[in-house]
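Fold and geometry: a report
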Amino acid sequence: MVARHSLAQEQVTADQMVTQMEDTYGVHPGQRRNHTKGLCALGEWVGSKEAATYSKSALFSGKTIPVIARFSNAGGFPDAPDTAKSARGMALEFKLPGNKLQHITMINTPMFGAATPKTFFDLLVATKPDASTGKPDPKKVAAFKATHPDNRAQAEFLEKNNPPVSYANSDYFGIHTFKFINADNKTTLVRWKFVPQQGEKRLTDEQMKTMPANFLAQELIDRTKKGPVRWDMLVWIGQPGDPEDNPTVLWPADRKQIKAGTLTITSAMPQKGAACEKINYDPLVMAEGIEPTNDPILTFRSPAYAVSFAKRIQGK
Ligand code: HEM
């Protein structure tokens, strides 16, 4: 496992990955190199007592914790249509007592489309729009699919499930395995998802053809003006032997599940100049009580986000 991890790291660097994003999506100065389209939101979080038995994180103290959120569309096109069959993202920064931070950065597919950074890199290369058609070359996409079976589960999920009608009507999955450490220093492997209290709702095939390119951001701004929007965080408790370092493989469906808390989003606003714009939602920003696994995608994300953040913060 460790050997495969270091091999994957050798094959592509964070710089190469972000340069490839720029090649595939173009450079949009001052903006994120991935999940470029999005908006900011504000809210709060209250964790559960049950989760506190598994993790000593201040996230589960039961106290109200302020949250700065960002909702987004996967990919580096600022004008990606909201009907595109790509992932939607929810990124959360929890402001814990003592100036500590916890980040949770999720997408709305249960699994990721790459077991190694190299597969993700190859996907970026294969989906670069062709100069003559403005669309990915179907031959290159087919060749990628034939040689990267670790992409298949997510690609099939995205093909079969239309995107949500609202950022508020979507599940968001942590995807990676994390470790909860409790007050007795006992480690539990966990995975999680955020489930919308207003229910999951996807665009119909008809709406896929009729909806405009931009509706998700304004819809969330309008919805939160009428009242708060909530998600419950459900945590699956792992068993010894459950896959820890492959975000393309799901755990068996019968794993014990606990409710770890509730997120309440109270307002949403365009990202320009708002609180989420200058946050790097690096998923390895964690407070005591939650730790990463050796998942090669999870460990790669941190340096890649840093490269993108450093560029955009300089206006590049
Ligand atoms: C090799 C794998 C990955 C790479 C190279 C990558 C790269 C990036 C980069 C460069 C950004 C922009 C960072 C910034 O400028 O602030 C980003 C944003 C994001 N990524 Fe990833 N990512 C990967 C995997 C994932 C996975 C597995 C998830 C979900 C579990 C995810 C969810 C997101 C979300 C939601 C955002 C937007 C965060 C925000 O709103 O600021 N990414 N990613």
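Residues numbered from 1 in each chain as written. Predicted model: local features only at pLDDT ≥ 70, side-chain atom pairs only at ≥ 80, totals over all residues. Heavy atoms only, no water.

**Quick word on the packing of helix H2 (residues 14-25) against helix H4 (residues 117-126)**
The N-to-C vectors of H2 and H4 enclose an angle of 20°; their axes lie 9 Å apart at closest approach. Relative to H4, H2 is oriented roughly parallel. Note on packing geometry: the crossing formed by H2 with H4 is left-handed. Touching Gln16, Met17, Gln20, Met21, Thr24 and Tyr25 of H2 are Pro117, Phe120, Phe121, Leu124 and Val125, all from H4. Partitioned by chemical class, the residues of the contact of H2 with H4 number eight nonpolar, three polar and no charged. (Axes fitted to C-alpha atoms, helices over the stretch in contact; angles between N-to-C directions. Helix = DSSP H or I, 4+ residues; strand = E, 2+ residues; numbered from the N terminus. Parallel < 35°, antiparallel > 145°, perpendicular 65-115°, else oblique. Left-handed = near helix turned anticlockwise from the far one by under 90°. Contact = heavy atoms within 4.5 Å. Nonpolar A, V, L, I, M, F, W, Y, C, P; charged D, E, K, R; others polar.)

**Considerations on the state of the cysteines**
Under the defined criterion, the tally for this structure stands at one disulfide. Residue Cys40 pairs covalently with Cys276 via a disulfide, S to S 1.9 Å. Because the torsion about its S-S bond is -80°, the bridge between Cys40 and Cys276 counts as left-handed. Separated by 236 residues along the polypeptide, Cys40 in strand S1 (residues 38-47) and Cys276 in the loop between strand S9 (257-270) and strand S10 (290-292) bring together distant segments of the chain. (Disulfide = S-S within 2.5 Å.)

**Let's talk about the coordination of the iron atom of the ligand**
Just one protein atom donates to the iron atom of the ligand; it is Tyr305 (OH), sitting 2.1 Å from the metal. Assignment of secondary structure puts Tyr305 in helix H9 (residues 296-313). (Donors = N, O, S within 2.8 Å, 3.2 Å for Na, K, Ca; no water.)

**A look at the nonpolar core**
Residues Trp45, Phe71, Leu92, Trp192, Phe194 and Trp231 are the most contacted members of the largest nonpolar core, which totals 46 residues. In this structure, Val12, Phe173, Ile175 and Trp251 belong to the second largest nonpolar core, which totals 22 residues. (Core = buried A, V, L, I, M, F, W, Y, C linked by side-chain atoms within 4.5 Å. Buried < 20%, exposed > 50% of the residue type's maximum accessible area, 1.4 Å probe, protein only.)

**Some remarks on the environment of Lys311**
Note that Lys311 resides in helix H9. With relative accessibility at 22%, the residue Lys311 sits in the partly exposed group. If we ignore the near neighbours within four places in the chain, the residues touching Lys311 are Val18, Glu22, Arg33 and Lys316.

**Topic: the site of the ligand**
For the ligand, the set of nearby residues contains 26 residues, the closest of which are Arg32, Arg70, Tyr305, Ser308 and Arg312. Here an oxygen atom of the ligand and a side-chain polar atom of Arg32 are 2.6 Å apart. Elements with a minimum of two residues in the shell around the ligand: H2, strand S2 (64-73), strand S3 (88-96), strand S4 (100-107) and H9. For the shell around the ligand, the leading source of residues is H9, giving eight residues. In terms of residue class, the shell around the ligand is built from 14 nonpolar, eight polar and four charged. (Near = heavy atom within 4 Å. Polar contact = N/O pair within 3.5 Å; in protein donor to acceptor, adjacent residues only side chain to side chain.)

**Section: the UniProt feature "binding site: heme" (unreviewed entry) in the protein**
Under the UniProt annotation, "binding site: heme" (unreviewed entry) lies at Tyr305. On the accessibility criterion, Tyr305 (27% relative accessible area) is partly exposed. Residue contacts for Tyr305: discarding those within four places in its chain leaves Asn280, Tyr281, Asp282 and Pro283. (UniProt positions renumbered as here; feature names shortened; annotations may be inferred.)

**As for the pairing of strand S7 (residues 187-196)**
The buried count for S7 comes to eight of ten residues, which makes it a mostly enclosed element. Taken together, the two bridges between strand S5 (residues 172-173) and S7 define a ladder with antiparallel strand orientation. Bridge assignment links Phe173 to a residue of S7, and that residue is Lys193. Across four bridges, strand S6 (residues 178-181) lies against S7 in antiparallel orientation. Across the sheet, residue Lys179 finds its bridge partner in S7, namely Leu189. Counting the residues in the hairpin turn of S6 and S7 gives five residues, including Asn185, whose phi is positive at 60°. Where S7 lies against strand S8 (residues 229-237), seven bridges are found, and the strand directions are antiparallel. Each bridged residue has a counterpart across the sheet, and for Lys193 the counterpart in S8 is Leu234. (Pairing = 2+ DSSP bridges.)

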